[in-house]
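Given next are the chains, with one letter for each unit.
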Amino acid sequence: DQQVKQNSPSLSVQEGRISILNCDYTNSMFDYFLWYKKYPAEGPTFLISISSIKDKNEDGRFTVFLNKSAKHLSLHIVPSQPGDSAVYFCAARETGANNLFFGTGTRLTVIP
Amino acid sequence: DTAVSQTPKYLVTQMGNDKSIKCEQNLGHDTMYWYKQDSKKFLKIMFSYNNKELIINETVPNRFSPKSPDKAHLNLHINSLELGDSAVYFCASRNRGSSYEQYFGPGTRLTVT
């Protein structure tokens, strides 16, 4: 049973525009959320995170929004750059647990 | 300087063989993990391990066993390989005392023929 879902397998955006990647979860015990970026033939690399006590966290061009009531989070990339083209994974941590639950990823393509 | 490394990067082997994948981290982290990414690109936890505790995902067959010779290494040994074991395996590490972010290795693509 997949507790973290990324329903859009792919997204294409023009360079300079905003990219919005979405993630939904089902487990109300999740208290920390992370976004990872993955290039082909490499491991996922940490991008940005947010605690469940916040609704927004910003780091440069990257902003993560959390809507706890809707069990939804999103990653905004503004402005999008060709180097942002990668697969983005949403992940979540359950309170007291040691591991992360991952979504299936969204492939972002930024068109120059 | 590689933080989390895995060897080999590619592994092709036949059904029934036993193989190992090695993982090393030089970050001084106290917890290491193995994940499996299947054909549907789903990253699923297999094991988490620190020097006191091994937590096994109950869906992992007992043909898979993690072995940790020291704090910086967590190797994955697989017995009697099956076709369904073909996947990309990722090692990761974290420092439990600091943050929830895990640092991943580059992955090992295992192909069982």
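In case you missed it, the structure is sitting above this.
Residues numbered from 1 in each chain as written. Chains lettered and ligands numbered in written order. Predicted model: local features only at pLDDT ≥ 70, side-chain atom pairs only at ≥ 80, totals over all residues. Heavy atoms only, no water.

**A closer look at the pattern of salt bridges**
Condition: What counts as a salt bridge is simple: a side-chain nitrogen of Lys or Arg found within 4 Å of a carboxyl oxygen of Asp or Glu. Each helix is a run of DSSP H or I of at least 4 residues and each strand a run of E of at least 2, with the numbering of both proceeding from the N terminus. The buried label applies to any residue whose accessible area, calculated with a 1.4 Å probe on protein chains only, is under 20% of its type's maximum; exposed applies above 50%, and partly exposed to all values in between.
As enumerated under the stated definition, the model contains 5 salt bridges over all chains in all. With a shortest N-O distance of 2.8 Å, arginine 93 of chain A and aspartate 31 of chain A are connected by a salt bridge. Linking arginine 93 of chain A in strand E9 (residues 86-94) with aspartate 31 of chain A in strand E4 (residues 30-38), this pair joins segments that are 62 residues apart in sequence. Taking relative accessible area as the criterion, aspartate 31 of chain A reaches 17% and is therefore assigned buried. The closest approach of N and O atoms between arginine 96 of chain B and glutamate 53 of chain B, which form a salt bridge, is 3.9 Å.

**Description of the interface of chain A and chain B**
Inclusion rule: In this description, contact between two residues means that some pair of their heavy atoms is separated by no more than 4.5 Å. In this description, buried area is defined as the sum, over both parts, of the accessible area (probe of 1.4 Å) that is lost when the two are combined. Throughout this description, a polar contact denotes any pair of N or O atoms lying within 3.5 Å of each other; where both atoms belong to protein, one of them has to be capable of donating a hydrogen while the other can accept it, and for residues adjacent in sequence the pair is counted only when both atoms sit in side chains. Basically, the charged four are Asp, Glu, Lys and Arg, the nonpolar ten are Ala, Val, Leu, Ile, Met, Phe, Trp, Tyr, Cys and Pro, and anything else, Gly included, counts as polar.
Facing the 18 residues of chain A at the interface are 20 residues of chain B. Summed over both sides, the interface between chain A and chain B buries roughly 1700 Å², with carbon and sulfur atoms accounting for 61% of that surface. Together, Pro44, Asn98 and Phe102 of chain A form the three largest contributors to the area buried by chain A at its contact with chain B, with a combined 33%. One can count 0 salt bridges joining chain A with chain B. Taken together, the connections running from chain A to chain B amount to 4 residue pairs in polar contact (both at pLDDT 80 or more). Listing elements by their share of the side of chain A that touches chain B, those giving two or more residues are E4, strand E5 (45-51), E9 and strand E10 (100-102) of chain A. In terms of residue count, the dominant contributor to the side of chain A that touches chain B is E4 of chain A (4 residues). The residue makeup of the side of chain A that touches chain B, split by class, is 9 nonpolar, 6 polar and 3 charged.

**Some remarks on the pairing of strand E8 (residues 75-78) of chain B**
All names here are of chain B. The line we're drawing: For two strands to be treated as a pair, DSSP must find no fewer than two bridges joining them.
Sheet analysis places strand E3 (residues 19-25) next to E8, joined by 3 bridges and oriented antiparallel. Across the sheet, lysine 19 pairs through a bridge with isoleucine 78, a residue of E8. As paired elements, strand E7 (residues 64-67) and E8 share 4 bridges and run antiparallel to each other. Residue pairing across strands places phenylalanine 64 opposite isoleucine 78, the latter belonging to E8.

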